[in-house]
Amino acid sequence: MDRTEPGADALTCKEFGEEHLAALTELAEACLAVDGGLPLFTRPPLLRARLLQTRTLGAWHDGSLVAAVGVGTGRQPATSTGLVHPTWRGRGLGGRMLSWADEQAGDPDLLVTTESWSPGAEALFTAHGFERTFAEWVLRHDLTALPVVARPDGVTTEPVTWEIGPELFETYRASFADRPGFAAPTAEDWLAELREDDEYRPDLSIIARGPDGTAIGFGNIIDNWIDQVGVVPGWRHRRVGAYLVASALLALAADGAGEAWLCVNDNNPAAALYRRLGFHDAGRRARYLRRRP
């Protein structure tokens, strides 16, 4: 499809692909600068996964990409992600992109993901019959100011090694088993995902042990992200989680990082802990689902 829409400031709408990845990157950067959200969204792997799906539609003005939407079909639900440049909002462009995605999705339900959430996006999706099914905060910590948390009595920590991989998985499973909707992967799958991630830092990741040597908590670091922090139920409310987070921040700073990031679900009480330790809101990300009648 390649057409110019009258009455839309001479917008040209056409489908495109990998050859316009640079234009997509600029559009994502403009949205993140205004809305906040997941900074990893501007990196090629995630940008490709979200926008360059089965079909991608872009709206162009004077050679610049001002809106885009990708749709993944052949699955249940179908998936979609869209972006509208901040200076082009309020002109109905987001609604037109969403309607196109809905048409391409066909009969399956449609799951829309936004990595740079905004109140306008919430209003748009709600008006089109979508229900929010997931939301989390993106938090940032400036590593020039580090929190000081005393080591809890009887607790020791050590770096992660692959030899203790099965124990690390069991600590993860025990830490999150009581979270709503938790579905444990297999140990093989979970550890394989860590091994295959080139940015996983086992040297900075840690496992915590109680006085008897039993694992009671852990913290995984990927690049400069605190990817997961967990404490088994019997050791919660003893400052173990706070100590693990503070230790991760100290390790990242010592390794030369200038900032640290993490994401936390809206309904996770740990969000209050992270903010007390110096993390600041840097946006949100969310998913919305519209079920077919």
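An account of the accompanying structure is given in this report. These figures come from a predicted structure and were not determined experimentally.

**Side note on the side chain of Thr79**
Then, in step 1: Mapped onto the elements, Thr79 comes out in strand S5 (residues 78-84).
Then, in step 2: For Thr79, the side chain forms a polar contact with the side chain of Gln53, separated by 2.6 Å.
Then, in step 3: Among the polar contacts listed, one links the side chain of Thr79 to the side chain of Arg75, at a separation of 3.4 Å.
Then, in step 4: Residues in contact with Thr79, not counting those within four places in the same chain, are Gln53, Gly70, Val71, Gly72, Leu110 and Leu111.

**Digging into the pattern of salt bridges**
Then, in step 1: Taken as a whole, this structure holds 22 salt bridges when the rule is applied.
Then, in step 2: Among the ionic pairs, Arg55 bridges to Glu15, the shortest N-O distance being 2.3 Å. Of this pair, Arg55 sits in strand S3 (residues 55-61) while Glu15 is found in strand S2 (residues 11-15), placing the two residues 40 residues apart along the sequence.
Then, in step 3: Residue class for Arg55 comes out partly exposed when judged on its relative accessible area of 34%.
Then, in step 4: Residue class for Glu15 comes out partly exposed when judged on its relative accessible area of 25%.

**Topic: the nonpolar core**
Then, in step 1: The biggest cluster of nonpolar side chains holds 32 residues, and the ones touching the most others in it are Ile226, Val245, Tyr274 and Phe279.
Then, in step 2: Going through the elements one at a time, strand S9 (206-209), strand S10 (215-222), strand S11 (225-231), helix H7 (240-254), strand S12 (259-265) and helix H8 (270-276) are the ones with two or more residues in this core.
Then, in step 3: With 10 residues, the top contributor of residues to this core is H7.
Then, in step 4: Not counting residues up to four positions away in its chain, the partners in contact with Phe279 are Leu139, Arg140, His141, Ile226, Val245, Leu249, Ala260, Trp261, Leu262 and Tyr274.

**What about the packing of aromatic side chains?**
Then, in step 1: Under the definition given, this model contains 14 aromatic pairs.
Then, in step 2: Among the aromatic residues, those joined into a ring-pair cluster are Phe169, Tyr172, Phe176, Phe182, Trp190 and Phe218.
Then, in step 3: The side chain of Arg195 reaches across the aromatic face of Trp162, ending 4.3 Å from its centre.
Then, in step 4: The ring centre of Trp117 lies 4.9 Å from the NZ or CZ of Arg284, which sits over that ring.

Quick notes on the rules
- Residues numbered from 1 in each chain as written.
- Predicted model: local features only at pLDDT ≥ 70, side-chain atom pairs only at ≥ 80, totals over all residues.
- Heavy atoms only, no water.
- Helix = DSSP H or I, 4+ residues; strand = E, 2+ residues; numbered from the N terminus.
- Polar contact = N/O pair within 3.5 Å; in protein donor to acceptor, adjacent residues only side chain to side chain.
- Contact = heavy atoms within 4.5 Å.
- Salt bridge = Lys/Arg side-chain N within 4 Å of Asp/Glu carboxyl O.
- Buried < 20%, exposed > 50% of the residue type's maximum accessible area, 1.4 Å probe, protein only.
- Core = buried A, V, L, I, M, F, W, Y, C linked by side-chain atoms within 4.5 Å.
- Phe/Tyr/Trp six-rings, centres within 6.5 Å; stacked < 30°, edge-to-face > 60°.
- Lys NZ or Arg CZ within 6 Å of the ring centre and 35° of its normal.

In short, shape yes, function no, at least from these values alone.
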